[in-house]
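# Observations on the three-dimensional arrangement
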Amino acid sequence: MTFLTTLTRRRPALPPLRTLRIEVLAGLVVALALIPEAISFSIIAGVDPGVGLYASFVMAVVISIVGGRKAMISAATGAMALVVAPLSINHGLGYLVAAVVLGGVFQVAMGALGVARLMRFVPRSVMVGFVNSLAILIFLAQVPELQDVPWAVYPLVAAALVIMVLFPRLTKVVPAPLVSIIALTALTIGAGLAVPTVGDKGALPSSLPVPGIPDVPFTMETLTLIAPYAFAFALVGLMESLMTAKLVDDITDTHSNKTRESVGQGIANIVTGFFGGMGGCAMIGQTMINVKTSGARTRISTFLAGVFLMVLCIAFGPWVSQIPMAALVAVMIIVSVSTFDWHSVAPSTLKRMPVAETVVMAVTVVAVVATHNLAIGVVTGSVVAFIAFARRVAHLVDVSSVADPDGGQVVYVVKGELFFASSNDLVYQFDYAGDPEHVVVDLTHAHIWDASTVAALDAIATKYADKGKTLEIVGLNKHSAALHDRLTGELAGSH
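Residues numbered from 1 in each chain as written. Predicted model: local features only at pLDDT ≥ 70, side-chain atom pairs only at ≥ 80, totals over all residues. Heavy atoms only, no water.

### Looking at the overall build of the protein chain
- Helix and strand content of the protein chain: 20 helices and six strands.
- Projected onto its principal axes, the C-alpha coordinates of the protein chain cover approximately 100 × 65 × 60 Å.
- By residue count, 51% of the 495 residues in the protein chain fall in the buried class.
- Residue pairs at least 24 apart in sequence account for 84% of intrachain contacts in the protein chain once pairs closer than 6 positions are excluded.
- Counting only carbon and sulfur atoms, one obtains 66% of the accessible surface of the protein chain, whose full area is about 23100 Å².
- Of note, the protein chain has its 29 positive side-chain charges centred 16 Å away from the centre of its 30 negative side-chain charges. (Helix = DSSP H or I, 4+ residues; strand = E, 2+ residues; numbered from the N terminus. Buried < 20%, exposed > 50% of the residue type's maximum accessible area, 1.4 Å probe, protein only. Contact = heavy atoms within 4.5 Å. Areas by Shrake-Rupley, 256 points an atom, 1.4 Å probe, with all protein chains shown as cover. Lys, Arg positive; Asp, Glu negative; His and termini not counted. Charge placed at Lys NZ, Arg CZ, Asp CG, Glu CD.)

### Remarks on the pattern of salt bridges
- Applying the stated criterion across every chain yields a total of three salt bridges.
- Across the pair D249 and R69 runs a salt bridge whose closest N-O atoms are separated by 2.6 Å. In this pair, D249 is assigned in helix α9 (residues 220–252) and R69 in the loop between α3 (49–66) and β1 (74–75), connecting sequence segments 180 residues apart. Accessibility assignment for this pair places D249 and R69 in one class, buried.
- Among the salt bridges present, the one from E145 reaches K201, with a minimum N-O distance of 2.5 Å. In this pair, E145 sits in the loop between α6 (124–140) and α7 (153–170) while K201 sits in the loop between α8 (176–191) and α9, placing the two residues 56 residues apart along the sequence. (Salt bridge = Lys/Arg side-chain N within 4 Å of Asp/Glu carboxyl O.)

### Quick notes on the environment of K258
- With respect to the secondary-structure elements, K258 resides in helix α10 (residues 258–274).
- Linking K258 and L238, residues 20 residues apart in sequence, is a C-alpha distance of 9.9 Å.
- Aside from chain neighbours lying at most four places away, what touches K258 is A116, L242, A245, K246 and D249.

### Re the sheet that holds strand β6 (residues 470–474)
- The four strands are arranged β3-β4-β5-β6 in an open sheet whose pairing can be described as mixed. The sheet is open, and its two borders are formed by β3 (398–403) and β6, each paired with just one other strand. On average, adjacent strands in this sheet sit at an angle of 20° to one another, irrespective of strand direction.
- Both strand β4 (residues 409–418) and strand β5 (residues 438–448) contribute to a ladder of nine bridges, which runs parallel. Bridge assignment links K415 to a residue of β5, and that residue is H445. (Pairing = 2+ DSSP bridges. Axes fitted to C-alpha atoms, helices over the stretch in contact; angles between N-to-C directions.)

### Looking at unusual backbone geometry
- A positive phi angle, near 75°, is found at A71, a position not held by glycine.
- Considering the arrangement of structural elements, one finds A71 in the loop between α3 and β1.
- The phi dihedral of D148 falls on the positive side, at around 55°, and the residue is not glycine.
- Residue position: D148 is located in the loop between α6 and α7.
- Note on D148: relative accessible area 84%, which makes it exposed.

### A few points about the packing of aromatic side chains
- Considering all chains together, one arrives at eight aromatic pairs under this definition.
- An angle of 40° between the planes, with centres 6.2 Å apart, marks the rings of F430 and Y432 as tilted. Each member of the pair, F430 together with Y432, is buried.
- Measuring from ring centre to ring centre gives 6.3 Å for F430 and Y464, while their planes differ by 85°; the resulting arrangement is edge-to-face. Pair noted here: F430 is in the loop between α18 (420–423) and β5 and Y464 is in helix α19 (residues 451–466), with a separation of 34 residues, a long-range link. (Phe/Tyr/Trp six-rings, centres within 6.5 Å; stacked < 30°, edge-to-face > 60°.)

### Focus: the pairing of β5
- The buried fraction of β5 is high, at eight of 11 residues.
- Pairing between β5 and β6: five bridges, direction parallel. Counted as the bridge partner of V440 is E472 from β6.
- The handedness of the β5 to β6 crossover, carried by α19, is right-handed. (Right-handed = clockwise from strand over helix to strand, strands pointing away.)

### Overview of the pairing of β3
- Note that β3 and β4 share six bridges and pair antiparallel. Of the residues in β4, the one forming a bridge with D398 is K415.

### A look at a nonpolar patch on the surface
- Together, L118, F121 and F386 line one region of the surface with nonpolar side chains, adding up to about 320 Å² of accessible area.
- Mapped onto the secondary structure, L118 falls in the loop between α5 (93–112) and α6. (Patch = residues over 30% accessible without salt bridge, like charges linked within 9 Å, V, L, I, M, F, W, Y side chains within 5 Å.)

Okay, structure coming up:
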């Protein structure tokens, strides 16, 4: 077999022409939607618009290669801008960029240490709340674009919505959002309508970003200053990216490598920092445009979103600047409506769903919308879910007693999962004064999970010993026996 034949066989097949068309057009639509958002996030971070646009370009290109979730869009985001804004405002762009690089290093380290595996502990109710809160935030972000604007904006938004709803019934060859953007741009230019445009958000860059070293003194003082921001940057970015990746997994019915995505996010932010960008993470709105609205499924769309972003800014800046914001607002409204899980709030669903699940979803939504911070919402929702779970499981422990006919001993049968929440009441389930001299606790149908349970069992034994009685524990499974043998007698005063 010749080397050429081997190389030919190993080369991955190019996507079919139809798939390639979908990916190219999806990348173009996403790029158009990225421009005003990247500029807005730059303003939030207190930097020039080019910093956010460069970040979106580099993030999208790099993550398309090193990321673990195909078709997901990563770029400059509002959450990340809020985290690093104090650095740029109080200390300058150099410190912001340095924090982005260090944050990327933290993300690579977290990814290598397996932080992505923690996603398995995020309950479904939190995930649903995450999705619904994102949809609400996407919609709320469009409200300022509809306030204090010329009257013509409202019919333009309505027309764009009609196009995006009806056009797919005619054909899906071209994405409806792209048709809407082109049609409204042509209409506003042709009719000479004075409405807010992309150009009103800020000047577009006219050249590609150039790599460089962050302009900060390389001292321990600098490291101490940027480290807290970098760590928060890393945590928020990973949480948003992993939650978005899980959402895309569900939409596309495919599995992604979350560890690779975590490391990839770090690499992308490191590269972005060295190119003078403000860093970023996965973008739910643009990802939904790419995956749900446009139907993209490969890395090509992600890569082209970044490439088209720079091409549009540099080569077609004057035309792109004339795109009416009304067209992009309409696109994001459609994304918001399609992202929201309407089934989760249907009366029939709420009737069947356990109250605790609904409460967790609602708490997640309220926390995210109130703080505009997805990480806070997810953590809050998860904590509430774990508390609800602990309370529910704690009540599933059952203790029953069986006395010998001769009255020589009593056997207590304990059934259920024994941990800090359920074992607290265990001490009060025994008749210390009335029981015979020998007491047996049968844990055949129970499992010891933590030190709190061992401490509770020790307390029970101590109470019987104070009465001159002996306690025997039987039926421990292998894990429970190992934990009990290791800790019993070592936890005095801990209960």
